[in-house]
Amino acid sequence: MTTENALPWAEEADCAVTVCDTEGVILYMNEKARATFAQHGDLIGRKLFDCHNERSRETIRRMLASGGTNAYTIEKQGVRKMIYQTAWRERGEIRGLVEISMELPDEMPHYIRK
């Protein structure tokens, strides 16, 4: 997964996609993720732990250990985003984490379906 075209569906998606391995080493960032963090240089091969505070590092460790999910919203420079982080697996074994970050519109409908 270390090649830039490993996830062709994600490369031009209108959301940021970042994938790391079980050690927190970043394996892949799509075009939008690379642009989002361009000011930090090339992050492929670097550890997520180096880019996060202790609370976030603990969440990452917990997800890598349990296979869990973490979802939340943020606002940064007036842009609201939904952050969805979850473990990815191969043949049932946790192989790392994937984070999908998408911009949210100011007004967004919410539906309750049965």
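Each remark here, short or long, concerns the structure printed above.
Residues numbered from 1 in each chain as written. Predicted model: local features only at pLDDT ≥ 70, side-chain atom pairs only at ≥ 80, totals over all residues. Heavy atoms only, no water.

Draft legend 1. Looking closely at helix H3 (residues 54-66). Taking 1.5 Å as the rise per residue, H3 with 13 residues should run 18 Å; its terminal C-alpha atoms sit 18 Å apart, in good agreement. Among all positions of H3, only Ser-56, Thr-59, Ile-60, Met-63 and Leu-64 are buried. Considered in projection along H3, the buried side chains sweep an arc of 130° and stay on one side of the axis. The exposed residues of H3 that point more than 90 degrees off its buried face are Arg-55 and Ala-65. In this structure, the buried residues of H3 make contact with strand S1 (16-21), strand S3 (69-76), strand S4 (79-90) and strand S5 (93-104). Looking at where H3 begins, the residue whose side-chain oxygen comes 3.1 Å from the main-chain nitrogen of Arg-55 is Asn-53. Positive backbone phi, approximately 80°, marks Gly-67, located one or two places after H3. (Helix = DSSP H or I, 4+ residues; strand = E, 2+ residues; numbered from the N terminus. Expected span 1.5 Å × (residues − 1). Buried < 20%, exposed > 50% of the residue type's maximum accessible area, 1.4 Å probe, protein only. Arc of directions from axis to C-beta. Contact = heavy atoms within 4.5 Å. Polar contact = N/O pair within 3.5 Å; in protein donor to acceptor, adjacent residues only side chain to side chain.)

Draft legend 2. Examining the environment of Thr-73 more closely. Relative to the helices and strands, Thr-73 resides in strand S3. Judged by its relative accessible area of 53%, Thr-73 falls in the exposed class. In sequence terms Thr-73 and Glu-103 are 30 residues apart; their C-alpha atoms lie 9.5 Å from each other. Apart from residues no more than four positions distant in its own chain, Thr-73 is found in contact with Lys-81, Met-82 and Leu-104.

Draft legend 3. Structural context of the sheet that holds S4. An order of S2-S1-S5-S4-S3 is seen for the five strands of this open sheet, with the pairing classed as antiparallel. In this open sheet, the two strands that pair with only one neighbour each are strand S2 (26-29) and S3. In this sheet, adjacent strand axes meet at a mean angle of 20° when their direction is disregarded. Here S4 runs beside S5; their pairing, made up of 11 bridges, is antiparallel. Each residue of the ladder has a partner; that of Ile-83, found in S5, is Ser-101. In the packing of H3 onto the sheet, contacts are made with S1, S3, S4 and S5, and the angle to S5 comes to roughly 130°. (Pairing = 2+ DSSP bridges. Axes fitted to C-alpha atoms, helices over the stretch in contact; angles between N-to-C directions.)

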